[in-house]
Amino acid sequence: MSAVFLVSADPIAEETVSALVSTPDAGGVVTFVGRVRDNARGRSVTALEYEAYAEMAESVFAQIAAEASARFAIKQAAIHHRKGKLEIGEIAVVVAVAAAHRGPAFEACAYIVDQLKTRAPIWKKEFGADGAVWVEEHP
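Right, let's walk through the structure included here. (Residues numbered from 1 in each chain as written. Predicted model: local features only at pLDDT ≥ 70, side-chain atom pairs only at ≥ 80, totals over all residues. Heavy atoms only, no water.)

1. A short note on the pattern of salt bridges
Side-chain pairs of opposite charge can arise whenever the charged atoms involved come near each other.
Here is step 1: Taken as a whole and judged by the stated rule, the model has 6 salt bridges.
Here is step 2: Glu-126 is the salt-bridge partner of Arg-43, the closest N and O atoms lying 3.6 Å from each other. Here Arg-43, found in strand β4 (residues 43-44), pairs with Glu-126, found in strand β9 (residues 122-128); they are 83 residues apart in sequence, far enough to count as distant. Of the two residues, Arg-43 and Glu-126, neither departs from the other in class, the shared state being buried.
Here is step 3: On the basis of relative accessible area, Arg-43 is assigned to the buried category, the value being 16%. (Salt bridge = Lys/Arg side-chain N within 4 Å of Asp/Glu carboxyl O. Helix = DSSP H or I, 4+ residues; strand = E, 2+ residues; numbered from the N terminus. Buried < 20%, exposed > 50% of the residue type's maximum accessible area, 1.4 Å probe, protein only.)

2. Thoughts on the environment of Gly-89
Here is step 1: Looking at the secondary structure, you find Gly-89 in the loop between β7 (84-87) and β8 (91-99).
Here is step 2: Gly-89 sits in the partly exposed class, given a relative accessible area of 34%.
Here is step 3: On a C-alpha basis, the gap between Gly-89 and Trp-123 in space is 19 Å, while along the polypeptide they are 34 residues apart.
Here is step 4: Once residues within four sequence positions are removed from consideration, Gly-89 is found in contact with Arg-35 and Val-36. (Contact = heavy atoms within 4.5 Å.)

3. Some words on a nonpolar patch on the surface
Here is step 1: On the surface, Tyr-53, Met-56, Trp-123 and Trp-134 cluster together to form a nonpolar patch covering roughly 430 Å² of accessible area.
Here is step 2: With respect to the helices and strands, Trp-123 occurs in strand β9. (Patch = residues over 30% accessible without salt bridge, like charges linked within 9 Å, V, L, I, M, F, W, Y side chains within 5 Å. Areas by Shrake-Rupley, 256 points an atom, 1.4 Å probe, with all protein chains shown as cover.)

4. Observations regarding the environment of Leu-116
Here is step 1: Within the secondary structure, Leu-116 is located in helix α3 (residues 102-119).
Here is step 2: For Leu-116, a relative accessible area of 7% gives the class buried.
Here is step 3: Contacts of Leu-116, omitting those with residues within four sequence positions, involve Phe-61, Ile-64, Ile-79, His-81 and Val-95.

See the structure below:
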């Protein structure tokens, strides 16, 4: 399985990440896009800031993708995550998965998203009208 894993301050384009996994033998390509929303846990949010240990996060992304490949027989996976301050509506993360069929692609994409939120060394600070707070729990 070939994969591309990246943590960067540069904006993420969903189409770019999806193109990284598209192959002629993959009939199912599933893409998850996580955007900054204006609320969390009952509080208004005006922006998010992500800090990351990029090299370690990219290594964790690779481990998670390898697990997904073994469990769901996917062909390709790519994970791109932003770091730095992001405004409402900006893309924070894109996960793209390609498989021969849609079922494994959907299952693998959900697995990857769930795992990266709990295992990747990426930390999130939420900004709101009442100040900024680091988010400790992983949903």
